[in-house]
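Structural overview for review
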Amino acid sequence: MDSDIRDLAIIGAGPAGLAAAIYAGRARLDTVVLEKQYPGGQAFNTHHIDNYPGFPEGIGGPDLAEKMAAQARTHGAEFQSAEVTGVRLAGHPKVITTSGSEIRAHTVIVATGAAPRKLGVPGEQEFAGRGVSYCATCDGPFFRNRVVAVVGGGDAALTEALFLSRLAREVIIIHRRNQLRAVKALQEQVAADPRIRLVTPAVVKAIEGGADVVERLVLAAAPGDGPQASGGRDAAVPSQVGVDGVFIYVGNDPATGFARGQLELDDYGYIMAGEDLDTSQDGVFAAGDVRHKGLRQIVTAAGDGAVAAMSCERWLAHRRLI
């Protein structure tokens, strides 16, 4: 066997990639994990996680990511800080080109996750990093005792709004529907927080400001979807709202640009994978938020990583490569 060919290359070090690295390491697979930023993915940017099993008091996202990465290293996984610039996933071996090297591997797990979706409104790009953010954990401390908006109504939006309410003077949640989409426990916490105000149903039409800082959001009323869910805390949708910053949580887009034309994707760009997480290319598996699935949570991503790693182990053993 060619000693230059790794047993497994994992692209992405979010919860799915980290769990895959732990299981692959325990199976004694020669494993390399490629990550262009830092281990943890979106979990790293989550202030507090209270639904991951084993942590009854919750755990900080960076803490969980650090523990998972340390566990993967303990079991022998190698981490490389590199951006994947190209892949050849057909045939054997698989070839991954990064910003600094070329890696060959018998099997590949794609665990690249998904990137925050943009609103696509005027001012969003211009004020990125100057009041527009997609990570409250990263940028929230810059807005201590100021007014911020959170756009979105799902779990991520409400979790980060609660985090921001401990820093900001006021947090305004803007959601295009009357009914928030987050789990009831988060909705109850938001309803009980005096620093959080809801503006629904509303959409952001533009982000405006001056001198390189955000000053206001231009809003428009949205059709809504039924009775108000905020217990009377909503007012009529204003045409503008003054804010110092805006945090956007309106979903994610899968990071699969490098795989287009090589793997079967759904209409939204997510990777199609079977029960064993095998993709349309033999020896290539997908795990976590990057694949077509019904629920995207840290715990489901970790489960995907375990399944994908064991599928790789069986694939290699069947072909007598390990």
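The rules behind the values
Residues numbered from 1 in each chain as written. Predicted model: local features only at pLDDT ≥ 70, side-chain atom pairs only at ≥ 80, totals over all residues. Heavy atoms only, no water. 1 Å grid on protein atoms, 1.4 Å probe; cavity = no way out; pocket = protein on both sides within 12 Å on 5 of 7 lines; lining within 4 Å. Points joined across faces, edges and corners; volume = space filled by probe spheres on them. Helix = DSSP H or I, 4+ residues; strand = E, 2+ residues; numbered from the N terminus. Nonpolar A, V, L, I, M, F, W, Y, C, P; charged D, E, K, R; others polar. Core = buried A, V, L, I, M, F, W, Y, C linked by side-chain atoms within 4.5 Å. Buried < 20%, exposed > 50% of the residue type's maximum accessible area, 1.4 Å probe, protein only. Contact = heavy atoms within 4.5 Å. Salt bridge = Lys/Arg side-chain N within 4 Å of Asp/Glu carboxyl O. Pairing = 2+ DSSP bridges. Arc of directions from axis to C-beta. Phe/Tyr/Trp six-rings, centres within 6.5 Å; stacked < 30°, edge-to-face > 60°. Lys NZ or Arg CZ within 6 Å of the ring centre and 35° of its normal. Polar contact = N/O pair within 3.5 Å; in protein donor to acceptor, adjacent residues only side chain to side chain.

In this section: the layout of surface pockets. Of the volumes computed, that of the second largest pocket is approximately 180 Å³. Around the second largest pocket sit 14 residues that line it, and G129, R130, G131, F143 and D244 are the ones nearest its centre. The set of elements that each furnish at least two residues to the lining of the second largest pocket consists of β8 (132–133) and β13 (213–221). Counting residues per element, the lining of the second largest pocket draws most heavily on β13, at 3 residues. Split into classes, the residues belonging to the lining of the second largest pocket amount to 5 nonpolar, 3 polar and 6 charged.

Now for the nonpolar core. One finds I10, L64 and I109 to be the most contacted residues of the largest nonpolar core, which totals 35 residues. Those elements that provide at least two residues to this core are β1 (5–11), α1 (15–26), α2 (61–74) and α6 (298–318). By residue number, the principal contributor to this core is α6, which donates 8 residues. Residues within four places of I10 in sequence aside, it is in contact with G17, A20, A21, T31, V32, V33, L34 and I109. Listed in part, the 22 residues of the second largest apolar core include V150, A161, L164 and I196.

Following the criterion strictly, the structure yields 11 salt bridges and no others. Across the salt bridge formed by D244 and R146, the nearest N and O atoms sit 3.7 Å from each other. Residue D244 is located in the loop between β14 (240–242) and β15 (245–248), and its partner R146 is located in the loop between α3 (136–139) and β9 (147–151); the two are separated by 98 residues in the primary sequence. D244 sits in the partly exposed class, given a relative accessible area of 25%. Using a relative accessible area of 38% as the deciding quantity, one classes R146 as partly exposed. When salt bridges with common partners are traced through the structure, they connect R6, D30 and E78 into a single cluster.

This paragraph deals with the sheet that holds strand β11 (residues 196–199). Judged by pairing direction, the sheet is parallel, and its 5 strands sit side by side in the order β8-β15-β9-β10-β11 without closing on themselves. The outermost strands of the open sheet, each flanked by one partner alone, are β8 and β11. The pairing of β9 with strand β10 (residues 170–174) spans 5 bridges and is classified as parallel. Each bridged residue has a counterpart across the sheet, and for V147 the counterpart in β10 is E170.

Where helix α5 (residues 184–192) is concerned, the buried positions are L186, Q187 and V190. Projected down its long axis, α5 shows its buried positions confined to an angular sector of 100 degrees, all on one face. Residues of α5 that are exposed and point more than 90 degrees away from the buried face comprise K184, E188 and A192. Contacts made by the buried residues of α5 are with α4 (155–164), β10 and β11.

A few words now on unusual backbone geometry. A cis geometry characterises the amide bond from H92 onward to P93, with omega recorded as -5 degrees. One can find P93 in the loop between β4 (84–88) and β5 (94–98). Cis peptide bonds are those with omega within 30 degrees of zero, and the linkage from T200 to P201 qualifies with -15 degrees. Mapped onto the elements of the fold, P201 is located in the loop between β11 and β12 (202–210). The backbone of A211 sits at a positive phi, close to 55 degrees, despite the residue not being glycine. Take A211: it is sitting in the loop between β12 and β13.

It is worth spelling out the packing of aromatic side chains at this point. By the definition in use, this model includes 3 aromatic pairs. Ring centres of Y38 and F44 lie 4.4 Å apart, and the angle between their planes is 40 degrees; on these two criteria the pair is classed as tilted. Residue classification places F44 among the partly exposed residues on the basis of a relative accessible area of 28%. The lysine or arginine in question, R73, covers the ring of F79, its NZ or CZ lying 4.4 Å from the ring centre. The ring of Y270 is capped by R296, whose NZ or CZ atom sits 3.9 Å from the centre of that ring.

Within the element layout of this structure, S311 appears in helix α6. Residue classification places S311 among the buried positions, given a relative accessible area of 5%. Engagement of the side chain of S311 in a polar contact is seen with the side chain of R314, the distance being 3.3 Å. Excluding its chain neighbours within four sequence positions, the residues that come into contact with S311 are D276 and F285.

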